[in-house]
Amino acid sequence: MRTMKHLVLAISLAASSALAQPAPALLPALNVDAARSSVSGISAGGYMAVQLHVAHSARFGAGAGVIAGGPFYCAEGSVLSALTRCFGKTSIPVESLIETTRKWAADKAIDPLPGLANSKVYVFSGAKDSVIPPATSEALVKYYAAFLPEKNIVFKRDVPAEHGFVTDEGPAACDNKAAPFLNNCGFDLAGAILAHIHGPLVARSAGAPQGSLIAFDQSAFEAGHGMGAIGYVYVPKACAGGESCRVHVVLHGCKQNATDVGDAFAKGAGFNRWADTNRLVILYPQTGKGATNGCWDWWGYDDANYAKQSAPQMRAIMAMLDRLSSGPKK
């Protein structure tokens, strides 16, 4: 009987605790110019960043940052191709992927390709990356060269980094390959990406970020298809106060979402202090437990049309962007 009483008490306390948890906030509606958006991501997030950039170039025309990622539609819907060619174990058929891109644009499955022409792309490959080798990033550079001027593409590959997001103040050594995959290499990758895409920046804020990192309810945009229950958005004070801002979407890698590392990536990747001084809202969408290894869908585990505008995960992110840009304009 004593055991039963303890069990009932434990259940009651657990229920009370669950009820006491605050509901995630709504994604705010701000004075955002959605047509000046940009995107970046690492690994699976890098592939997803390429998908968003190419499929929605009218919205992400400012550009993209791709860390340890490869060309658009690299896997062509095959997990075997994802694990071989896209991981640098066999060659990537770049010319074929370029032709597929052109066909999909003609079929209106993705935005018209001239939208890419003025984009800026920053490609990063860690010199010691044991997961995604430089050859994969080289294929990405070759792919983008079919649509962008050479001067618009930067390829950085001389930092001795393992497979992770590089910072100049992260918690782990540069050769780390473990969660939360934030590696201190003495190089500010977030700042380099933003400066290349958006031009000269105002110096980042000193000390802790001054805006607000908000956990918001993602189920309002998509409750399934591998999306997480919450996402994160960093809103600088100026943007919260109604000033005109831009959005930079940042996509985590596999095993780097809120389920696995909490808000460590959203807090530690290095974008937020740059956002403070450059009127940038930083959107950190999140995969959830339904996502294979916490990865974004860049090979078709969730939807056969994962790289087209109709893809559920991309639709959800675009809906978040719509919400952010729906506030009053000054």
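All of the points below concern the structure found in this document. (Residues numbered from 1 in each chain as written. Predicted model: local features only at pLDDT ≥ 70, side-chain atom pairs only at ≥ 80, totals over all residues. Heavy atoms only, no water.)

### Things to note about the overall build of the protein chain
Link 1 in the chain: What the protein chain contains, in helices and strands, is 11 helices and 11 strands.
Link 2 in the chain: Relative to the compact-globule value of 20 Å for 330 residues, the protein chain shows a C-alpha radius of gyration of 20 Å, a close match.
Link 3 in the chain: Viewed in the frame of its principal axes, the protein chain has a C-alpha envelope of about 70 × 50 × 45 Å.
Link 4 in the chain: The buried share of the protein chain, reckoned over its 330 residues, is 54%.
Link 5 in the chain: Contacts in the protein chain between residues at least 24 apart in sequence constitute 73% of all its contacts with a sequence separation of at least 6.
Link 6 in the chain: Total accessible area on the protein chain stands at roughly 13500 Å², and carbon and sulfur atoms take up 56% of it.
Link 7 in the chain: Once the 29 positive and 25 negative side-chain charges of the protein chain are each reduced to a mean point, those two points are 4 Å apart. (Helix = DSSP H or I, 4+ residues; strand = E, 2+ residues; numbered from the N terminus. Rg over C-alpha atoms; globule rule 2.2 N^0.38 Å. Buried < 20%, exposed > 50% of the residue type's maximum accessible area, 1.4 Å probe, protein only. Contact = heavy atoms within 4.5 Å. Areas by Shrake-Rupley, 256 points an atom, 1.4 Å probe, with all protein chains shown as cover. Lys, Arg positive; Asp, Glu negative; His and termini not counted. Charge placed at Lys NZ, Arg CZ, Asp CG, Glu CD.)

### Considerations on the packing of helix α4 (residues 94–106) against helix α5 (residues 134–145)
Link 1 in the chain: Remark: α4 packs on α5, axes separated minimally by 10 Å, with the N-to-C direction vectors making an angle of 40 degrees. What the angle tells us is that α4 and α5 run oblique. Handedness of the α4/α5 crossing: right-handed. Between α4 and α5, the residues in contact are V94, E95, L97, I98 and T101 and A139, K142 and Y143, respectively.
Link 2 in the chain: Residue composition of the contact of α4 with α5, grouped by class: five nonpolar, one polar and two charged. (Axes fitted to C-alpha atoms, helices over the stretch in contact; angles between N-to-C directions. Parallel < 35°, antiparallel > 145°, perpendicular 65-115°, else oblique. Left-handed = near helix turned anticlockwise from the far one by under 90°. Nonpolar A, V, L, I, M, F, W, Y, C, P; charged D, E, K, R; others polar.)

### Description of unusual backbone geometry
Link 1 in the chain: Cis geometry is found at the peptide bond from A179 to P180, where omega equals 5 degrees.
Link 2 in the chain: Checked against the element boundaries, P180 lands in the loop between β6 (172–173) and β7 (182–184).
Link 3 in the chain: Positive phi, normally seen in glycine, also occurs at K255, with a value near 60 degrees.
Link 4 in the chain: Relative to the helices and strands, K255 is located in the loop between β10 (246–251) and α8 (258–261).
Link 5 in the chain: Notably, N293 is not glycine yet its phi reads approximately 55 degrees, a positive angle.
Link 6 in the chain: Relative to the helices and strands, N293 resides in the loop between β11 (280–284) and α11 (312–324).

### Looking at the nonpolar core
Link 1 in the chain: Core analysis: the biggest nonpolar cluster contains 68 residues, and F72, Y144, L251, V281 and L283 have the highest contact counts within it.
Link 2 in the chain: What V281 contacts, discounting residues up to four positions off in sequence, is L30, V32, V233, Y234, P236, C239, C245, R246, V247, H248 and L324.
Link 3 in the chain: Counting 33 residues, the second largest nonpolar core, distinct from the first, contains A68, F124, L182 and A269. (Core = buried A, V, L, I, M, F, W, Y, C linked by side-chain atoms within 4.5 Å.)

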